[in-house]
Amino acid sequence: MLKKVAIIMGSDSDYPRLKGAFKILKEFGIEVESHVMSAHRTPEAAATFAKNAKENGIGVIIAAAGKAAHLAGVIAAHTTLPVIGIPVDASLGGLDALLATVQMPNGIPVATVSINSGENAALLAVQMMGIDNESISDKLLLYKEKMVSEVERKDSALQDIIASQE
């Protein structure tokens, strides 16, 4: 049975930045469980969720938060599952959240994607899920081949534009 990916956000205002993550996971046929939890306002709920995530069928946890952005670290401290942090631009251009997410102490790893990058977090989760699932791995290969075709199409269109201007 395919495990779920959890998307945990520090605030419901983070949802618009995460729509791409939901879309990609749906495209790959991966079920998503999502919650709003705060590392600071609901730390017990975040810890309980993380401690029980594996038993509840979660395979990877994505945690998005802005400002102090300790959510991914709090989740990672309470689980053995891989945690992917998304720093959210809630202030200071997201740099504060990026630093809070990426600067984890030894023993509490959090994979971190770029600011507001729900899509990359979802793709990293897909890659993790594809390690032992050939169907997911095959879908990911097709996804990447589609990206190659799209870049080649854009390059061809650019070459046509350049040639028409000469």
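Residues numbered from 1 in each chain as written. Predicted model: local features only at pLDDT ≥ 70, side-chain atom pairs only at ≥ 80, totals over all residues. Heavy atoms only, no water.

Right, let's talk about the environment of glycine 29 for a bit. With respect to the element layout, glycine 29 can be found in the loop between α1 (15–27) and β2 (32–36). Owing to a relative accessible area of 49%, glycine 29 belongs among the partly exposed residues under this scheme. (Helix = DSSP H or I, 4+ residues; strand = E, 2+ residues; numbered from the N terminus. Buried < 20%, exposed > 50% of the residue type's maximum accessible area, 1.4 Å probe, protein only.)

So, about the pairing of β2. Direction of pairing for strand β1 (residues 4–9) relative to β2: parallel, over a ladder of five bridges. Residue pairing across strands places isoleucine 8 opposite histidine 35, the latter belonging to β2. Once the chain exits β1 it traverses α1 before rejoining the sheet at β2, and the crossover so formed is right-handed. (Pairing = 2+ DSSP bridges. Right-handed = clockwise from strand over helix to strand, strands pointing away.)

In this model, the largest pocket occupies a volume close to 280 Å³. Broken down by class, the residue content of the lining of the largest pocket amounts to seven nonpolar, seven polar and five charged. By volume, the second largest pocket is sized at about 190 Å³. Lining the second largest pocket we find Met1, Leu2, Lys3, Gly59, Val60, Pro82, Met128, Met129, Ile131, Asp132 and Asn133. Listed by contribution, the elements that provide at least two residues to the lining of the second largest pocket are β3 (58–66) and α5 (118–129). Across the lining of the second largest pocket, the residue classes tally to seven nonpolar, two polar and two charged. (1 Å grid on protein atoms, 1.4 Å probe; cavity = no way out; pocket = protein on both sides within 12 Å on 5 of 7 lines; lining within 4 Å. Points joined across faces, edges and corners; volume = space filled by probe spheres on them. Nonpolar A, V, L, I, M, F, W, Y, C, P; charged D, E, K, R; others polar.)

Once that is clear, we can look at the pattern of salt bridges. A side chain with one charge may pair with a side chain of the opposite charge, provided their charged atoms come close. Summed over the entire model, instances satisfying the criterion amount to two salt bridges. One salt bridge in this structure joins glutamate 33 and lysine 4, with 3.0 Å as the shortest N-O distance. Residue glutamate 33 is found in strand β2, and its partner lysine 4 is found in strand β1; the two are separated by 29 residues along the sequence. Residues glutamate 33 and lysine 4 agree in their burial class; the two are buried. Between glutamate 150 and arginine 153 there is a salt bridge, with its nearest N and O atoms 2.5 Å apart. (Salt bridge = Lys/Arg side-chain N within 4 Å of Asp/Glu carboxyl O.)

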